[in-house]
Amino acid sequence: MITGSIESAGRLDKALAEATGLSRARVQGLIEEGRVDVAGKTVTSASAKVAAGAAFRIILAAAMPAAAQPEDIPLVIAFEDQHLIVVDKPAGMVVHPAVGNITGTLVNALLHHCRGNLSGINGVARPGIVHRIDKDTSGLLVVAKSDAAHEGLAAQFAAHTVHRRYIAVCAGHPSAAEGTIDARVGRSDADRKKMTVLPNNSSRGKSAITHYKVIQRLDEAAQIECRLETGRTHQVRVHCASIGHPLLGDPAYGRTPRQLRPLLERLGFARQALHAAELGFQHPLTGEMVQFRSNLPQDMAELIDQLSGSDR
């Protein structure tokens, strides 16, 4: 923990960096994680103005190892060349090491598989990681082996030109069979580990757009596809919950309807019903347009079968 007082008035992240010796990027990350208090209140905006003399407290995360370690963990590879690798991640696997998940991550597996040949842009704890999907979301993500590939992929994600299609199972039946959810997403004040929908004129959070379409009406649920224009943390989960149709099994953003709980318990389905089924982009080195598809994992396929009555 770091405590002290602001030395000179101005923008919060800059003032804290000057007062603590931390980089502005590190301070911004700590603010985003809800680890910074000023004058006894948790702050949410790195750009907020702060007065000289204001007391602050920064709660640092536990120290991480200097570098992730290679581990011989089996991977399902959808594509690989000298520049990048596309992985079909199982549910339950964390993407990169963090406090509480230092081993067994996708990065640990990739370091072994790629013999350490991953982009260094995101540092030793997250080598090659251009984007992420949640621990309990399954499906496709691309990892950069070289810095050139990383920069090219990151530019496409920033420009929202990467094709991402998810399959999900939500509670209830959306009143519109298809539509667009355009709602800003940011950190929740009530629980800093969760995200929430914010007013679109808010200075916090980031704009987020999800296009959805009902594929199949199920018993008290629906199978939907979601195409992402943006890729915010927990975007599909937060957006679906915001329109009253949270994903089945999601422990953070909604409750499974009472009538469906016995089925999920019988199936042992204890994760958000979300799968990254398609991923497409322009290869950053060859310029070729590439697209990859992943079949539904067994647990989601069985859940959909049961909810459609096909196995009854």
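This text gives an overview of the structure that appears in the document. Keep in mind the model is a prediction, meaning the values are calculated, not measured.

### As for the sheet that holds strand 3 (residues 36–38)
Here's step 1: Pairing in this open sheet of four strands is antiparallel, and the strands run 1-6-3-4 from one edge to the other. With one partner strand each, in any of the chains shown, strand 1 (2–5) and strand 4 (41–42) form the two edges of the open sheet.
Here's step 2: Examined bridge by bridge, strand 3 and strand 6 (residues 55–58) share three bridges and lie antiparallel to one another. Opposite V36, over in strand 6, you have I58 as the bridge partner.
Here's step 3: Contacts between helix 1 (residues 12–20) and the sheet are confined to strand 1, strand 3 and strand 6, with strand 6 contributing the most and set at about 80° to the helix.

### Digging into unusual backbone geometry
Here's step 1: Look at R115: it is not a glycine, yet its phi comes out positive at around 55°.
Here's step 2: Since its relative accessible area comes to 72%, R115 is described here as exposed.
Here's step 3: Within the chain, H160 stands out as a residue other than glycine whose phi angle is a positive 60°.
Here's step 4: Structurally, H160 can be placed in the loop between helix 4 (147–158) and strand 10 (163–171).

Cut-offs applied
All residue numbers refer to position in the chain's written sequence, counted from 1. Given that this is a predicted model, residues contribute local features only at a pLDDT of at least 70 and side-chain atom pairs are listed and counted only at 80 or more, while totals for whole chains, interfaces and linings are drawn from all residues. With hydrogens and water excluded, all non-hydrogen atoms of the structure serve as input to the side-chain values. Here a strand pair is declared whenever DSSP counts at least two bridges between the two strands. For helices the rule is a DSSP run of H or I covering at least 4 residues; for strands it is a run of E covering at least 2, with both sets numbered from the N terminus onward. Contacts between residues were defined by any pair of non-hydrogen atoms, one from each residue, lying within 4.5 Å. Simply put, an axis is a line fit to the C-alpha atoms, just over the touching stretch for a helix, and the angle between two N-to-C directions goes from 0 to 180 degrees. Summary of the burial criterion: residues with accessible area below 20% of their type's maximum are buried, those above 50% are exposed, and those between are partly exposed, where the area comes from a 1.4 Å probe applied to protein chains only.

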